[in-house]
Amino acid sequence: MVEQDNSDPTYITVVAGGQLISGRMITEDQFFSLPDNVALQKHFNEEIKAKRQSIMGGLEQKGDVEFPEELREWFIYLNEAYYVTGSGLIPTGGISMQVRVSDVSVFT
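Residues numbered from 1 in each chain as written. Predicted model: local features only at pLDDT ≥ 70, side-chain atom pairs only at ≥ 80, totals over all residues. Heavy atoms only, no water.

### Observations concerning the overall build of the chain
No. 1: A tally of regular secondary structure across the chain gives 2 helices and 5 strands.
No. 2: Within the span of the chain, comprising 108 residues, buried residues form 27% of the whole.
No. 3: In the chain, the share of contacts with a sequence separation of at least 24, taken over all contacts with a separation of at least 6, comes to 54%.
No. 4: For the chain, the accessible surface area stands at approximately 7400 Å², while carbon and sulfur atoms represent 52% of it. (Helix = DSSP H or I, 4+ residues; strand = E, 2+ residues; numbered from the N terminus. Buried < 20%, exposed > 50% of the residue type's maximum accessible area, 1.4 Å probe, protein only. Contact = heavy atoms within 4.5 Å. Areas by Shrake-Rupley, 256 points an atom, 1.4 Å probe, with all protein chains shown as cover.)

Next up, the structure:
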């Protein structure tokens with residue numbers, strides 16, 4: 001959804017692993033381009049994104065493709081994110097984080 005229409009910010013609140021997390025959804029590419037995450041960008045592009053795209057390309061040719069276990073995880077990427085607690089927001093300024101979709105039990 002964020003990759004298709006990135007004109008207006010989309011905010012989401014999730015419960016993941018028992019934690020209430022709120023933030024602005026961003027694309028995978030935007031997440032790895034943020035100053036805090038740019039050090040991971042090369043590894044992500046080579047070890048995850050390129051391999052995933054290669055497998056998806058094979059899907060069009062073969063029709064039946066096996067994804068390695070490490071590429072099966074899907075994430076929601078957030079910026080300006082924080083944990084919501086009874087005493088406030090942690091950290092107050094927000095951070096970038098990725099939340100594993102399979103860990104999300106509730107979202108708004």
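### Thoughts on the sheet that holds strand 4 (residues 88-100)
No. 1: With respect to topology, 5 strands assemble into an open sheet ordered 4-3-2-1-5, the strand pairing being antiparallel. Edge positions in the sheet fall to strand 4 and strand 5 (104-107), since each of these pairs with one other strand and no more. Within the sheet, the average angular offset between the axes of one strand and its neighbour, ignoring direction, is 35°.
No. 2: Examined bridge by bridge, strand 3 (residues 75-85) and strand 4 share 8 bridges and lie antiparallel to one another. Bridge pairing in strand 4 places Phe75 opposite Arg100. (Pairing = 2+ DSSP bridges. Axes fitted to C-alpha atoms, helices over the stretch in contact; angles between N-to-C directions.)

### A word on the packing of aromatic side chains
No. 1: A full pass over the atoms with the stated rule returns 4 aromatic pairs.
No. 2: A ring pair is formed by Phe75 and Tyr77, whose centres lie 6.1 Å apart and whose planes are at 45°; its orientation type is tilted.
No. 3: By relative accessible area, Tyr77 is classed as buried at 8%.
No. 4: By way of ring pairs, the aromatic residues Phe31, Phe32, Phe75 and Tyr77 are connected into one cluster. (Phe/Tyr/Trp six-rings, centres within 6.5 Å; stacked < 30°, edge-to-face > 60°.)

### Structural notes on the pairing of strand 3
No. 1: Relative to strand 3, strand 2 (residues 19-26) runs antiparallel, the two being bridged by 6 bridges. By the bridge assignment for strand 3, Ser22 is matched with Tyr82.
No. 2: Taking the residues between adjacent antiparallel strands as the criterion, strand 3 and strand 4 are bridged by 2 residues.

### Notes on the nonpolar core
Nonpolar side chains tend toward joint burial in soluble globular proteins.
No. 1: In this structure, Ile12, Val14, Ala16, Ile21, Met25, Ile76, Leu78, Ala81, Met97 and Val99 together form the largest nonpolar core, which totals 10 residues.
No. 2: Among residues more than four places away in sequence, those in contact with Ile76 are Met25, Met97, Gln98, Val99, Val101 and Val104.
No. 3: One finds Phe32, Leu34, Phe44 and Tyr77 within the second-largest nonpolar core, a separate group that totals 6 residues. (Core = buried A, V, L, I, M, F, W, Y, C linked by side-chain atoms within 4.5 Å.)

### So, the pairing of strand 2
For a regular strand, the rule is simple: side chains alternate between the two faces of the sheet.
No. 1: Of all 8 residues making up strand 2, 6 are buried, and the element is well covered by its neighbours.
No. 2: Sheet topology places strand 1 (residues 10-16) next to strand 2; 7 bridges connect them, and they run antiparallel. Within strand 2, the position partnered with Ala16 by the bridge is Gln19.
No. 3: Counting the residues between successive antiparallel strands, the hairpin from strand 1 to strand 2 contains 2 residues, one of them, Gly17, with a positive phi of roughly 60°.

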